[in-house]
Amino acid sequence: MPSNSTPNFLPILLLFTFITSIQSDPDIISDYITPSNFTIINSTFFTYTGLRTPFHSNPPTFTVTKATLTEFPALNGQSLLFLISGTLEVAFVDNKNAIYEQKLRTGDMFIFPKGLVHYQYNRNHENPAVAISAFGSANAGTVSIPNSVFGSGIDDGILAKAFKTDVATIQRIKSGFITNP
Ligand SMILES: *[C@@H]1O[C@H](CO)[C@@H](O)[C@H](O)[C@H]1NC(C)=O
Ligand SMILES: *[C@@H]1O[C@H](CO)[C@@H](O)[C@H](O)[C@H]1NC(C)=O
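Conventions adopted
Residues numbered from 1 in each chain as written. Chains lettered and ligands numbered in written order. Predicted model: local features only at pLDDT ≥ 70, side-chain atom pairs only at ≥ 80, totals over all residues. Heavy atoms only, no water. Near = heavy atom within 4 Å. Polar contact = N/O pair within 3.5 Å; in protein donor to acceptor, adjacent residues only side chain to side chain. Nonpolar A, V, L, I, M, F, W, Y, C, P; charged D, E, K, R; others polar. Patch = residues over 30% accessible without salt bridge, like charges linked within 9 Å, V, L, I, M, F, W, Y side chains within 5 Å. Areas by Shrake-Rupley, 256 points an atom, 1.4 Å probe, with all protein chains shown as cover. Salt bridge = Lys/Arg side-chain N within 4 Å of Asp/Glu carboxyl O. Helix = DSSP H or I, 4+ residues; strand = E, 2+ residues; numbered from the N terminus. Buried < 20%, exposed > 50% of the residue type's maximum accessible area, 1.4 Å probe, protein only. UniProt positions renumbered as here; feature names shortened; annotations may be inferred. Pairing = 2+ DSSP bridges. Contact = heavy atoms within 4.5 Å.

Asks: Got a sec to walk through the site of ligand 2? Specific residues and values, please.
Replies: Taken together, Ile-40, Asn-42, Ser-43 and Thr-44 form the complete shell of residues around ligand 2. Contacts to ligand 2 include Asn-42, whose side-chain N or O atom sits 2.3 Å from an oxygen atom. Side-chain polar atom of Thr-44 to a nitrogen atom of ligand 2: 3.0 Å apart, as the coordinates give it. Taken together, the residues of the shell around ligand 2 sort by class into 1 nonpolar, 3 polar and no charged.

Here it is, written out as structure tokens:
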């Protein structure tokens, strides 16, 4: 063995760099990625209905249905909601204040781009809806807008100005929340 072992280190370092770079998809730096051949982006783009069939009819043979970037291009860099029972009305608002609404059926998937205001509503009170949220992070946090705004102790006068209303109205809304001191 030659005493100078430096050349042996180089391939090992490169290998580690390579392994690190293939562990996960890179974070995206926009709310969502628009494929180059898509001209209209509406709520249909953020919805995947290809998995409805196995939920509504039994396939006669073993069947694999994919939901990858090819079938569901909106998936790029995103987390998603997967409705496994019931129905759910969902929507999010993008940074241009456009709303993307969808009525999901069992088996549907929907993308909420990270950090955008959104809701999920089960209008059918007789039937519970069950959905799985899958996040790209092992420790994803959530922020409830009503709680953050009206339950966090922000000054009533500031809220009244922000919502273009009076302090009494703000206090009436706040009365429905447990306010932090
Ligand atoms: C965009 O291109 C992909 C891959 O070629 C194709 O599967 C998809 O249908 C196209 N979408 C539109 C809206 O043209
Ligand atoms: C969304 O755009 C597509 C065309 O890309 C159209 O077929 C579809 O009806 C639109 N959906 C909504 C909810 O506007």
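Now that the structure has been shown, we can carry on.
Asks: Got a sec to walk through a nonpolar patch on the surface? Specific residues and values, please.
Replies: A surface patch of nonpolar side chains, about 300 Å² in accessible area, is lined by Phe-55, Ile-84, Val-130 and Ile-132. By secondary structure assignment, the location of Phe-55 is in helix α2 (residues 52-56). Classification of Phe-55 as partly exposed rests on a relative accessible area of 36%.

Asks: Break down the UniProt feature "binding site: Mn(2+)" (unreviewed entry) in the chain for me, citing the residues and quoting the values.
Replies: This chain's UniProt record puts "binding site: Mn(2+)" (unreviewed entry) on His-118. Relative to the elements of secondary structure, His-118 occurs in strand β6 (residues 118-121). By relative accessible area, His-118 is classed as partly exposed at 40%.

Asks: Quick rundown of the sheet that holds strand β7 (residues 130-134)? Include the residues and the values.
Replies: Taken together, the 4 strands give an open sheet; going across it, the order is β1-β5-β2-β7, and neighbouring strands pair in antiparallel fashion. Each edge of the sheet is formed by a strand with only one pairing partner; in this case those strands are β1 (47-48) and β7. Pairing between strand β2 (residues 80-85) and β7: 5 bridges, direction antiparallel. When the sheet's bridge partners are listed, Leu-80 is paired in β7 with Ala-134.

Asks: Account for the side chain of Thr-106, naming residues and giving values.
Replies: Secondary-structure assignment places Thr-106 in the loop between β4 (99-104) and β5 (109-111). Here Gly-86 takes part through its backbone oxygen, which lies 2.8 Å from a polar atom of the side chain of Thr-106. Excluding anything up to four places from it in sequence, Thr-106 contacts Arg-52, Phe-55, His-56, Leu-83, Ile-84, Ser-85 and Gly-86.

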